[in-house]
Amino acid sequence: MCAIAGQVGFLGQLAQNDEALYRKMLESMRQRGPDQWGSYMDACAALLHARLCVIDPEGGRQPMRLEWRGEIYVLVYNGELYNAGELRRSLEPLGHVFVGHSDTEVLLHAYAEWGEKCLERLNGIYAFAVWESIRQRLFLARDRIGVKPLFFALGEMGLLFASEIKTLLCHPAVRPRLNREGLMEIMLIGPGRTPGCGVFEGVEELRPGHFGYFGRDGLRIAPYWSLREEEHRESFEETAEHVRFLLEDSVRRQLASDVPVCAFLSGGLDSSLICALAQPELAARGEQLQTFSVDYAENDRYFTAGKFQPEQDAAYVEIMNRALGAPHHRVLLETEPLADALYDAVDARDLPGMADVDASLLLLCREMKKTATVGLSGECADELFGGYPWYRDPKIRARQGFPWAQSTAWRASFLPEALRGEAEDYVAARYGETVAMAQPLDGDSDVDRRMREMYHLNFHWFMQTLLDRKDRMSMASGFEVRVPFCDHRLAEYLYNVPWAFKDRDGHEKGLLRHAMAGVLPEQVLWRKKSPYPKTHHPAYLALVSERLRRVLADPNAPILEIADREALRGLLTAERSTPWYGQLMTIPQTIAYMLQVNHWLEKYRVEIV
């Protein structure tokens, strides 16, 4: 994994003599790529790369240059290709000669040979840019699922692109401005984001499954992949077998690495499956999987079972440890460092995030980096297999609006009074655009029609928030996380699997449980879903509440420019069961989110316009 950035302009916009600017941009990417730095410059293009070495440290240096059939291609790339071997075997008979074994070299040759059509052949997670020096144009692309980020800004400076927003903000042409739309994103949508929106004025994100060209005629962006409706013809048994094959193949492919690999292990179904499939593969090559879990100080004392979090993880982690025989690391987080990390998490994400869920993941990844450079995660199974409560509760899924944020009226109460009347329309418009993407087939039942809409909502919104979180919190420590459930083959296959299969026997993710029978201990295989854990310690609520009081006591606190003081004060005594976002962001986490918003406005010197 790495970080990429660059600038392309044709009217003398490049700061060719301003090495300090490009060095500053490179420095901003250091956390993502601490091992190697590189740059390329010509009259119209500057490409920057910061590398985290995972495969072929010497042969994978970037920017990478290739002359092929009269063109000069220069590549900067962030990601991993899981089918690099197959691509290489396809390219060699066409005359391509490789000097190393990196997937970077394979990707560069693939683009030189097939152009944009190479995207149809890629299996992996990636964001990359290729400068075609003779043709004078830049090609940009992002993986189908959106695991790897790619932001850009277009203006008088030409085109700027980068793996993270902070790198764009290094350029004087990109200012940290928050306009009306950005404000709505922070207060009504956050910590999610409208697809393609970078929140800061003028900052956009290349959407998953899209590519673009930038040349003298401007910027053109187009999709190369999307979910497609097809009739599902396989029986339940055939479907389960198909799912098992795809998941086993995805895990096997994603173990490719020249550096140590570890895994997240919560004791839940998803992470346990990834660990159970990875362990024998690593053992066969003489390696041992190490696993990690996170817990919070005195959670055994203060944990309260609820609808979304029915039980603690520790007993199931122990069951899996015995089954795997793998060394396990339990990372215990204390209350004050967890609260302090709220601000580091904002700095990593460049935006307010999922409060202590972000902060705890950031601290966990820092610990994991001490043992390995690559980690496997069970993220995103719930979106694809329908595991969340909002998939399975008929009342929740029947409601219009984002099911993980049934709180628009409450959120609107925090807005300046002049904007409150626009809140419902803003959210409804984005919801409507997404559900319109689902095109039911004639044979779909009413439930399956709605589940197609739910799939799109979760795929394009909630899943992107989690992938955003996972990428920034891990890469802030130079730690690469891979997500085997995010194999695009699984995503497109499961889109068309009927709900009755996914909900087999009334179990959340029933299809996945049946497909993987025999892989896990029965207690874990049939365990009721429990989300990523959070702290239940009353000291956490007390601590973030006191910090919010201090913010409110400051008449110059930046959050008071965009949020109502009395509404914020009301959080300190509020009792609400409806989360701000997802399953875990209740009152303590909502207070923490507001602290993150205030820190973000202050740290990034955000201008309100």
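Structural notes, computed from the coordinates. These figures come from a predicted structure and were not determined experimentally.

1. Points about the overall build of the protein
Along the protein, the regular secondary structure elements total 24 helices and 19 strands. Here the C-alpha atoms of the protein give a radius of gyration of 24 Å, agreeing with the 25 Å that 2.2 N^0.38 yields for 609 residues. If one aligns the C-alpha atoms of the protein with their principal axes, the spans along those axes are about 65 × 60 × 50 Å. The buried share of the protein, reckoned over its 609 residues, is 65%. For the protein, contacts bridging at least 24 residues in sequence account for 74% of all contacts bridging at least 6. Charged side chains of the protein number 70 positive and 86 negative; the gap between the two group centres comes to 1 Å.

2. A closer look at the packing of helix 10 (residues 335–349) against helix 24 (residues 587–603)
Between helix 10 and helix 24, the shortest axis-to-axis distance is 9 Å and the interhelical angle comes to 55°. With respect to helix 24, the axis of helix 10 lies oblique. The hand of the helix 10/helix 24 crossing is right-handed. Only A592, L595, Q596, H599, W600 and K603 of helix 24 make contact with helix 10, whose side of the interface consists of L342, Y343, A345, V346 and D347. Here the contact of helix 10 with helix 24 is built from residues that sort into seven nonpolar, two polar and two charged.

3. Topic: the environment of Q136
Considering the arrangement of structural elements, one finds Q136 in the loop between strand 6 (124–132) and strand 7 (137–142). In this structure the C-alpha to C-alpha distance between Q136 and A553, which are 417 residues apart in sequence, comes to 55 Å. If sequence neighbours within four positions are ignored, Q136 has contacts with F10, C44, W131, G215 and R216. Within the local environment of Q136, its side chain forms a polar contact with the backbone oxygen of S133, the two atoms lying 2.8 Å apart.

4. Quick look at the packing of aromatic side chains
This structure, assessed with the given rule, holds 30 aromatic pairs. Aromatic side chains F139 and Y213 sit 5.1 Å apart centroid to centroid with 55° between the ring planes, which places their arrangement in the tilted category. One end of the pair, F139, is in strand 7; the other, Y213, is in strand 12 (residues 210–215), and 74 residues separate them in sequence. For the residue pair F139 and Y213, the accessibility class agrees, reading buried in each case.

Parameters and conventions
- The numbers attached to residues start from 1 for each chain and follow its sequence in the written order.
- Per-residue local features are limited, in this predicted model, to residues with pLDDT of at least 70; the limit for side-chain atom pairs, both in listing and counting, is 80 or more; totals at the level of whole chains, interfaces and linings are taken over all residues.
- Side-chain descriptors were evaluated using all non-hydrogen atoms of the structure, hydrogens and water having been removed beforehand.
- In DSSP terms, a helix is any run of H or I states spanning at least four residues, a strand is any run of E spanning at least two, and both are numbered starting from the N terminus.
- When we talk radius of gyration, it's over C-alpha atoms, and the globule rule is simply 2.2 Å times the number of residues to the 0.38.
- Burial status follows relative accessibility: with a 1.4 Å probe on protein chains alone, a residue under 20% of its type maximum counts as buried, one over 50% as exposed, and anything between as partly exposed.
- Contacts: residue pairs with any heavy atoms within 4.5 Å of one another.
- Counted as positive: Lys and Arg. Counted as negative: Asp and Glu. His and the chain ends are not counted at all.
- Here the site of a charge means atom NZ of a Lys, CZ of an Arg, CG of an Asp or CD of a Glu.
- Axis lines are fitted through C-alpha atoms, for helices just across the contact stretch, and the angle between N-to-C directions can take any value from 0 to 180 degrees.
- Each angle receives one of four descriptions, namely roughly parallel if under 35 degrees, roughly antiparallel if over 145, roughly perpendicular if within 65 to 115, and oblique otherwise.
- It is the rotation of the near helix from the far one that decides the hand of a crossing: anticlockwise by less than a right angle makes it left-handed, clockwise makes it right-handed.
- Think of it as three bins: nonpolar holds Ala, Val, Leu, Ile, Met, Phe, Trp, Tyr, Cys and Pro, charged holds Asp, Glu, Lys and Arg, and polar takes everything else, Gly as well.
- Throughout this description, a polar contact denotes any pair of N or O atoms lying within 3.5 Å of each other; where both atoms belong to protein, one of them has to be capable of donating a hydrogen while the other can accept it, and for residues adjacent in sequence the pair is counted only when both atoms sit in side chains.
- By convention, a stacked pair of Phe, Tyr or Trp rings (six-membered ring in the case of Trp) has centres within 6.5 Å and planes under 30 degrees apart, an edge-to-face pair has planes over 60 apart, and any other such pair is tilted.

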